[in-house]
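Chain by chain, the residues run as shown.
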Amino acid sequence: MTSTSSVHDFTDLPRLMSLMTGDEKHGPAATSTLDVLWVLYDRVLRVSPQTADAPGRDRFLLSKGHGPMAYYAVLAAKGFIPEEWLAGFGAYESPLGYHPDRTLVPGAEIGSGSLGHGLPLAVGTALGLKAQGLHGTRTWVLVGDAEMDEGSNHEAVAFAGAVGLEGLHVVAVDNSSATYGWRGGLASRFEAEGWSALTVDGRDHEALYEAFTTAHPGRPHAVVARVEPKDA
Amino acid sequence: MDTMRERFAAVTTRLLDEDPRLALALAVISGDRFKDAARAHPDRVIDVGIREQLLVGVAGGLALAGMRPIAHTFASFLVERPFEQVKLDLGHQGVGAVLVSSGGSYDIASGGRTHQAPGDVALLDTLDGWTVHVPGHPDEAEALLRHAAADGDNRVYLRLTEQSNREPLPVSPGRFQLLRAGRSGVVLAVGPMLDAVLEAVEGLDVTVLYASTVRPLDAHTLRAEVRRAEAADVVLVEPYLAGTSVSYAAEALADVPHRVLGLGTAREELRRYGTWQEHVAAHGLDAAGLRERISGFLR
């Protein structure tokens, strides 16, 4: 399998997404995770196609597996998967489904689709890395604000806060799609459980980078990335 | 004699000392039995509180990070309540774990239906790649636990119960054991059902097979013994939902004209408390109940 050059920048992503969607223009819903994913893979995560199986790589778990075009575009841009795969999106022969399968997609740490599984898996991953002495290795998980309705996430948030699981990082992409909203803001749910939590503009790359790299000794860290409301 | 659950705690504590890849995830249940292990290995003995979705999710995450997780609670809260986590966080991720349940079908009979899990093995049968061990004695539980902990990255379910046979048999994961040969049929006893089965078939001219591992089902031995008997009549005696293994037996015997009877717990809810011994009798799984149904079925 030949891979096209991995030298891409952010401005290439719409073209890569269009290989899946057939559209040059993408609405806010399709791109809600795009800036977050790009800043993480471009500047924060210590993982590359060459280290995709290394025990000490940073882990990124896409929990909100629905609408993964932006994720696949970033994986292609960074050379984890060949650009040629994108056109087959969703087809029987394609490894790229409407929800990712980790056993089919190089670089994908988990298979997701059913909501509320990534954060508990990330808790276990962070615990497992810590138990193996991989203290510098960070675990990131992307969730959606509506996904946080799932009770399994609240089991994970309470536990991780209680034990001060410093290796765990959540980025919650908030497009105001939770059916009943989060009174007091989504960040308050993490703060109440002892997490470090910040809320930033999910389209502002510098603000995201700063929030992603803020020190949080002895606590897990959550970044709520606010983007345009889904139904706006 | 200690119970299977006590043996599990003692042996897992030792295994944690020996194997740095092993981790134990708990959800309060049995936590008091692992206090020493938790002190010795604070990063590898993880009690998540009363959070069973997280219990299985954490096991999946530990495996993704390269560990060999053991997750434990009562069967009802390990397999039934977080079933989607068992399906997705282990199976769909393509990772392994050892799930060790206690309580069986009705150890906690006085606790009522909420603490009874006769459907655990049937539920796991909807999934791919699970090995299921059903020990019939604490010694067998220990041997199967050690086997499971060292069983690569396979997905293994170890079903512990207070019910026990008087004597242990050597475990042979994946193989049924021939205990006696007869002509008028084959009776398969699973785990703790063995003593009652042997008593029930006393004086009957039947083959008795014993299984402490039911998945994979040892189709080879079952076929061989059914063909050897004069009557291709098969009785499966399982300590959980009646008929759980019937489709597996039918598959093993697809080219052998045969009859099969699946005995186990009934699907109907008893709505009774009491002791597990009373539930065994109520489901017709004591020696008298088994004898009546086995001899009624055989010709």
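Residues numbered from 1 in each chain as written. Chains lettered and ligands numbered in written order. Predicted model: local features only at pLDDT ≥ 70, side-chain atom pairs only at ≥ 80, totals over all residues.

Draft legend 1. Inspection of the confidence of the model for chain A at higher detail. Per-residue confidence for chain A gives a mean pLDDT of 95, with 97% of residues at or over 70. Per-residue pLDDT stays below 50 along residues 1-5 of chain A; that stretch engages in 6 contacts with residues further than four places along the chain or on separate chains. (pLDDT = per-residue confidence, 0-100. Contact = placed C-beta atoms within 7 Å.)

Draft legend 2. Representation of the packing of helix H3 (residues 52-64) of chain B against helix H5 (residues 83-92) of chain B within the structure. Residue and element names in this part refer to chain B. At a minimum axis distance of 8 Å, the contact between H3 and H5 shows a crossing angle of 15°. On the basis of their axis angle, the class for H3 and H5 is roughly parallel. Here H3 runs over H5; the crossing is right-handed. Residues Gln53, Val56, Gly57, Ala59 and Gly60 of H3 lie in contact with H5, whose contacting residues are Gln85, Val86, Asp89 and Leu90. Across the contact of H3 with H5, the residue classes tally to 4 nonpolar, 4 polar and 1 charged. (Axes fitted to C-alpha atoms, helices over the stretch in contact; angles between N-to-C directions. Helix = DSSP H or I, 4+ residues; strand = E, 2+ residues; numbered from the N terminus. Parallel < 35°, antiparallel > 145°, perpendicular 65-115°, else oblique. Left-handed = near helix turned anticlockwise from the far one by under 90°. Nonpolar A, V, L, I, M, F, W, Y, C, P; charged D, E, K, R; others polar.)

Draft legend 3. Representation of the sheet that holds strand S3 (residues 68-74) of chain B within the structure. All names here are of chain B. In space, the 7 strands of this open sheet follow the order S2-S1-S3-S4-S6-S5-S10, with mixed pairing throughout. Since the sheet does not close on itself, it has two edges, and those belong to strand S2 (45-47) and strand S10 (213-215), each with one partner. Neighbour-to-neighbour, the strand axes of the sheet open up by a mean angle of 20°, direction not taken into account. One ladder, built from 2 bridges, connects strand S5 (residues 130-133) with S10; its direction is antiparallel. When the bridges of S10 are listed, His133 appears paired with Thr213. Its contacts with the sheet place helix H7 (residues 138-149) against strand S1 (22-26), S3, strand S4 (97-102), S5 and strand S6 (155-159), and it is angled at close to 165° to S6. (Pairing = 2+ DSSP bridges.)

Draft legend 4. Up close: the pairing of strand S11 (residues 233-241) of chain B. All names here are of chain B. Most of S11 is tucked away, with 9 of its 9 residues classed as buried. Pairing geometry for strand S8 (residues 186-190) and S11, over 4 bridges, is parallel. In the sheet register, Leu188 faces S11, and the bridge partner there is Leu236. One ladder, built from 6 bridges, connects S11 with strand S12 (residues 259-265); its direction is parallel. Of the residues in S12, the one forming a bridge with Asp233 is Arg259. In this view, the connection linking S11 to its parallel neighbour S12 by way of helix H10 (residues 246-252) has right-handed handedness. (Buried ≥ 20, exposed ≤ 12 C-beta atoms within 10 Å, placed from the backbone. Right-handed = clockwise from strand over helix to strand, strands pointing away.)

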